[in-house]
Amino acid sequence: MTDLAALFAPLTFAHGPAMKNRLMLAPLTNTQSHADGTLSDEEFTWLVKRAEGGFGLTMTCAAHVQRIGQGFPGQLGIWSDDHLPGLTRLAAAIKANDSVAAVQLHHAGMRSPADLIGEAPVCPSDNDEFKARSLTGEEVLQLKADFVAAAVRAEKAGFDGVEFHGAHGYILCQFLSAEINQREDQWGGSLDNRVRLIHEILIEARAACRPDFQIGLRLSPERFGLKLAEIRRVAGMLMTSGLIDYLDMSLWDVGKTPIEEEFADKTLIDWFAELPRGDCRLGVAGKIMEPAYAASLLEKVDFVLLGRAAILHHDWPLRAAADDGFKPVSLPVTRAYLASEGLSPVFQDYMAAWKGFVAEEAA
Ligand SMILES: Cc1cc2nc3c(=O)[nH]c(=O)nc-3n(C[C@H](O)[C@H](O)[C@H](O)COP(=O)(O)O)c2cc1C
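Now for a description of the structure that goes with this document. (Residues numbered from 1 in each chain as written. Predicted model: local features only at pLDDT ≥ 70, side-chain atom pairs only at ≥ 80, totals over all residues. Heavy atoms only, no water.)

### Quick look at the environment of Leu 331
Part 1 of the reasoning: Residue position: Leu 331 is located in the loop between α11 (316-322) and α12 (335-340).
Part 2 of the reasoning: Take Leu 331: its relative accessible area is 40%, and that puts it in the partly exposed class. (Helix = DSSP H or I, 4+ residues; strand = E, 2+ residues; numbered from the N terminus. Buried < 20%, exposed > 50% of the residue type's maximum accessible area, 1.4 Å probe, protein only.)

### With respect to the nonpolar core
Part 1 of the reasoning: Counting residues in each nonpolar core, the largest one holds 108 residues, and the members touching the most others are Leu 105, Phe 159, Phe 164, Leu 247 and Trp 316.
Part 2 of the reasoning: With seven residues, the top contributor of residues to this core is helix α6 (residues 191-208).
Part 3 of the reasoning: If near-sequence neighbours (up to four positions away) are discounted, Trp 316 is found in contact with Leu 7, Leu 23, Gly 53, Phe 55, Met 289, Glu 290, Pro 291, Ala 294, Leu 306, Ala 309, Phe 326 and Pro 328.
Part 4 of the reasoning: Phe 13, Met 24, Ala 26 and Ala 102 belong to the second-largest nonpolar core, a separate cluster that totals 13 residues. (Core = buried A, V, L, I, M, F, W, Y, C linked by side-chain atoms within 4.5 Å. Contact = heavy atoms within 4.5 Å.)

### Re the sheet that holds strand β9 (residues 281-285)
Working definition: the strands of a sheet are paired by backbone hydrogen bonds and lie parallel or antiparallel to each other.
Part 1 of the reasoning: What the eight strands build is a closed barrel, ordered β1-β2-β3-β6-β7-β8-β9-β10; its pairing is parallel. Here the average twist between neighbouring strands, direction ignored, is 25 degrees.
Part 2 of the reasoning: Here three bridges tie β9 to strand β10 (residues 303-306), and the two strands are oriented parallel to one another. Paired with Ala 285 across the two strands is Leu 305, which belongs to β10.
Part 3 of the reasoning: Strands β2 (57-64) and β3 (100-106) of the sheet are contacted by helix α2 (residues 84-96), whose axis makes an angle of about 140 degrees with β3.
Part 4 of the reasoning: Across the sheet, helix α4 (residues 137-156) lies against β3 and β6 (161-166), angled at about 160 degrees from β3, the strand it touches most. (Pairing = 2+ DSSP bridges. Axes fitted to C-alpha atoms, helices over the stretch in contact; angles between N-to-C directions.)

### Side note on the side chain of Gln 70
Part 1 of the reasoning: Of note, Gln 70 is situated in the loop between β2 and α2.
Part 2 of the reasoning: We classify Gln 70 as buried; its relative accessible area is 10%.

### As for the pattern of salt bridges
Should their charged atoms come close, side chains of opposite charge can pair.
Part 1 of the reasoning: A full pass over the atoms with the stated rule returns 22 salt bridges.
Part 2 of the reasoning: Here Arg 210 makes a salt bridge to Asp 212, at a shortest N to O gap of 2.7 Å.
Part 3 of the reasoning: For Arg 232, the salt bridge identified is with Glu 274, shortest N-O distance 2.8 Å. Here the residue Arg 232 occupies a position in helix α7 (residues 228-239), and Glu 274 occupies one in the loop between α8 (268-273) and β9, the gap between them amounting to 42 residues.
Part 4 of the reasoning: Within the structure, one salt-bridge network assembled from shared partners comprises Lys 144, Glu 200 and Glu 204. (Salt bridge = Lys/Arg side-chain N within 4 Å of Asp/Glu carboxyl O.)

### As for the side chain of Gln 348
Part 1 of the reasoning: Tracing the backbone through its elements, the reader meets Gln 348 in helix α13 (residues 345-352).
Part 2 of the reasoning: Take Gln 348: its relative accessible area is 7%, and that puts it in the buried class.
Part 3 of the reasoning: If sequence neighbours within four positions are ignored, Gln 348 has contacts with Arg 335, Leu 338, Ala 339, Leu 343 and Val 358.

### Some points on α4
Part 1 of the reasoning: The terminal C-alpha atoms of α4 lie 29 Å apart, and with 20 residues this matches the ideal 28 Å at 1.5 Å per residue to within 8%.
Part 2 of the reasoning: Backbone geometry just downstream of α4 places Gly 158 in the positive-phi region, at approximately 105 degrees. (Expected span 1.5 Å × (residues − 1).)

### What about the site of the ligand?
Part 1 of the reasoning: Close contacts around the ligand come from 20 residues, with Pro 27, Thr 29, Lys 287, Gly 307 and Arg 308 the closest.
Part 2 of the reasoning: Arg 218 is positioned with one of its side-chain polar atoms (N or O) 2.9 Å from an oxygen atom of the ligand.
Part 3 of the reasoning: Relative to its free-state accessible area of 600 Å², the ligand is covered by the protein chains to the extent of 97%.
Part 4 of the reasoning: Here the shell around the ligand is built from residues that sort into ten nonpolar, seven polar and three charged. (Near = heavy atom within 4 Å. Polar contact = N/O pair within 3.5 Å; in protein donor to acceptor, adjacent residues only side chain to side chain. Areas by Shrake-Rupley, 256 points an atom, 1.4 Å probe, with all protein chains shown as cover. Nonpolar A, V, L, I, M, F, W, Y, C, P; charged D, E, K, R; others polar.)

As structure tokens, this is what we get:
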């Protein structure tokens, strides 16, 4: 049997509090917030239950930093001080459970549905497929300022840190992509230009927040016109920059090999795990269900993020610590089961759209 002890060793960061174990709750959109982006009791319950269940760090879902960056109905907002009371209540309750509290900062860019935001979505460049319009130079500066303002707001609410969402084809990822970003100014063209927005946000957020504020970044290496070699360069540069405390690589399946054939001799995570990290910590997410598998990944990375496993078991960390034979329930599960794990009907509906997750009930 694999030794699970590695999962329960604390992890320090260059800034901010240590995690008591190597288990981070992945950011999980749950569509439970109020229409104006303020926190609901349902979202509070769902997240605080994960903190109670032993996660070393509890991260919110993607929270949008501008009103027009909303990507989902019922998304948590962090673009206005009106969001502060709910965020403050949430941060306090997560921390009261000895879990590090973080907000994921997000802007959907071209992927914001027009009917949700009431206007055409924005993008680094005009995009016919998404009917998105390009940001003016002034709007790029405002976007940067709003990401930084959201980090400051998270700090004010009492969170220990934030993670900037640079993955999954959302706006920061759109800037990174040579396919989507066709700009000819300082924000487009060379890789240095395409990473400039993320880089400047990190520099300015570090300067604007207190010295021990924890800053993470999520990247994904494929799709949306991304090139593995480029994302590897970005990861290497940022991990050794002193700007980020952790890099969270979102792979959807940790065992996956790259799409690009020239890199297919190793798994995706190997391409990142072998890079010098400086004092940055590296984590990975993607189909990590079983404790033994999670523990085995710690030979490559410093921590793991659990998404669907944490939806299934709010107390996955406590269970794995108590029983080294613990196996998560198999899919699909019933709505009643999800309710018992702290998901409201709205979140249960959202999970029903994820293939094979929720059992169809007999009519
Ligand atoms: C319901 C659901 C919502 C998600 N929402 C987000 C999100 O808000 N931000 C994000 O970066 N990733 C999001 N993801 C991706 C997860 O954070 C995670 O990387 C992915 O699910 C793979 O991990 P898993 O196999 O453990 O679920 C979401 C995934 C799921 C299943």
